[in-house]
Amino acid sequence: MIDIEIQNETHQSVFRIKAVTVPRIGEGIRLKEPGGQWASYDVLDVWYQQAEFGEVWMPYIHVRMTPDELKAVEMAKSNPMVDKAQQVPIEDFLKKFEGDREHQPVKLNLDMTED
């Protein structure tokens, strides 16, 4: 595994990921957003710098969210049909229907033959 430092132009942030390969300039990658959603990014630049601990060269990449992804994010923010204040985790949503006890499966008789 390779440690790669990512400089995210869209969110003006820097973080590290572990990867098997270093993406090339122009490739697209998927990264997790601060809100937990996944988004597509374009690799703008790739460079290597020598590490402080010897003859090791560390990869760095510079990314920006793809134009289509940016449009989708802007549309989601401005959509009057979606009230983000009503969002709840799926576990809480399911509890409303499941109740506080385990479900008991019901046996169905699908035999259509006449007796």
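Residues numbered from 1 in each chain as written. Predicted model: local features only at pLDDT ≥ 70, side-chain atom pairs only at ≥ 80, totals over all residues. Heavy atoms only, no water.

1. Details of the pattern of salt bridges
- This model, assessed by the stated rule, comprises five salt bridges.
- Salt-bridge contacts for E9 lead to R64; the nearest nitrogen and oxygen are separated by 2.7 Å. With E9 in the loop between β1 (2-8) and β2 (13-19) and R64 in strand β5 (residues 57-65), this residue pair connects regions lying 55 residues apart in the sequence.
- Overall, the relative accessible area of 29% leaves E9 in the partly exposed class.
- Between R30 and E69 there is a salt bridge; the shortest N-O distance is 3.8 Å. Remark: E69 occurs in helix α1 (residues 67-78) and R30 occurs in strand β3 (residues 28-32); sequence separation between them is 39 residues. (Salt bridge = Lys/Arg side-chain N within 4 Å of Asp/Glu carboxyl O. Helix = DSSP H or I, 4+ residues; strand = E, 2+ residues; numbered from the N terminus. Buried < 20%, exposed > 50% of the residue type's maximum accessible area, 1.4 Å probe, protein only.)

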